[in-house]
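# Tertiary structure, described
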Amino acid sequence: FHLLGLGFVGSVKVVFALSITLSGLSMYFFVKHVLAAGDSTAGPSQPALVAAVAYLFIPYRLVDVYVRAGLAESSAYVLIPLVLWGVWATLHRPHWTNILGLALAYAALLLTHPLSALLLTLILVFFVAALSLALFAAWVASHPADDRWTYGRARAEILAALGQGVGLVAVALLVSIEALERLD
């Protein structure tokens with residue numbers, strides 16, 4: 001933007017403004033797409049709007065922009081929902097376009113802010129595991145009832161949700177234990 005005639009400070013402000021706007025839009029469309037189960041035009045708008053606003057105003061994000069002025073990290077916030085969207089789309093429909101979109105978003109994140117990419121990679125391991133478990137449970141539950149499974153296999157989805165809940169509680173407990181140890 002400096003080449004377009006803005007000063008250095010003005011250019012940095014424009015990049016911050018674009019990163020904030022584009023990150024909100026990327027989160028909005030990611031959530032809208034996920035809630036629509038693939039049809040991005042049919043998803044509910046209100047939950048997606050709430051997610052986008054929450055993503056824009058998380059406290060660390062505000063500190064990152066207004067106190068630290070972390071330009072690269074602020075730009076990486078645009079790409080994080082796109083990477084999550086790519087993972088979700090690839091697991092639901094493993095088509096080459098979804099894989100390419102995931103690869104491009106992840107490569108852009110690696111080039112923009114490597115530390116955010118590293119942290120997101122750790123989160124993606126659990127995100128992929130949870131999505132895979134949910135997809136497997138939905139596949140098992142889609143089988144009709146037979147002599148052995150008189151009520152069908154719908155309990156598979158409930159057990160998968162229980163497993164995901166136990167995993168979340170385990171992570172929260174580990175974080176809490178580590179935090180309490182650091183207080184001493």
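Residues numbered from 1 in each chain as written. Predicted model: local features only at pLDDT ≥ 70, side-chain atom pairs only at ≥ 80, totals over all residues. Heavy atoms only, no water.

## Examining a nonpolar patch on the surface
Stated precisely, the cut-off is as follows: A residue counts toward a patch only above 30% relative accessible area and without a salt bridge, and it is joined to like-charged neighbours within 9 Å or, for Val, Leu, Ile, Met, Phe, Trp and Tyr, to nonpolar neighbours within 5 Å. Method for areas: the Shrake-Rupley scheme with a 1.4 Å probe, in which residue coverage is limited to the protein chains shown. Salt bridges are counted wherever a side-chain nitrogen of Lys or Arg sits within 4 Å of a carboxyl oxygen of Asp or Glu. The way it works is that DSSP assigns letters per residue, a run of H or I at least four long becomes a helix, a run of E at least two long becomes a strand, and they are numbered from the N terminus. To sort residues, take the accessible area from a 1.4 Å probe on protein chains only and compare it with the maximum for the residue type: under 20% means buried, over 50% means exposed, and anything in between is partly exposed.
A cluster of nonpolar side chains, namely Leu 49, Val 53, Phe 57, Leu 62, Val 63, Tyr 66 and Val 67, defines an oily patch on the protein surface of about 710 Å² accessible area. If you list the elements that add at least two residues to the nonpolar patch, you get α2 (45-56) and α3 (59-68). A total of four residues in the nonpolar patch trace back to one element, the largest contributor, which is α3. Topologically, Tyr 66 is positioned in helix α3. When its relative accessible area of 64% is taken as the criterion, Tyr 66 is described as exposed.

## Points about unusual backbone geometry
Here the phi dihedral of Ala 69 falls at roughly 55°; this positive angle occurs in a residue that is not glycine. Secondary-structure assignment places Ala 69 in the loop between α3 and α4 (71-92). According to the relative accessible area criterion, Ala 69 is partly exposed, its value standing at 43%.

## Regarding the nonpolar core
What tends to happen in soluble globular proteins is that the nonpolar side chains get buried as a cluster. Going by this rule: As used in this record, nonpolar core signifies buried Ala, Val, Leu, Ile, Met, Phe, Trp, Tyr and Cys residues forming a set joined through side-chain atoms within 4.5 Å. Note on definitions: a residue-residue contact is assigned when non-hydrogen atoms from the two residues lie within 4.5 Å.
Judged by nonpolar contacts, the single largest core of 21 residues is most densely connected at Phe 30, Ile 80, Val 83, Leu 84, Leu 109, Leu 120 and Leu 124. Among the elements that line this core, the one with the most residues is α4, at eight residues. Excluding anything up to four places from it in sequence, Leu 109 contacts Ala 76, Leu 79, Ile 80, Val 83, Pro 114, Ser 116, Ala 117 and Leu 120.

## Structural notes on the confidence of the model for the chain
Threshold: pLDDT is defined as a per-residue confidence score from the predictor, taking values between 0 and 100.
For the chain, the average pLDDT comes to 85, and 92% of its residues sit at 70 or higher. When pLDDT is averaged over each helix and strand of the chain, the minimum, 84, is found for α3 and the maximum, 92, for helix α5 (residues 96-112).

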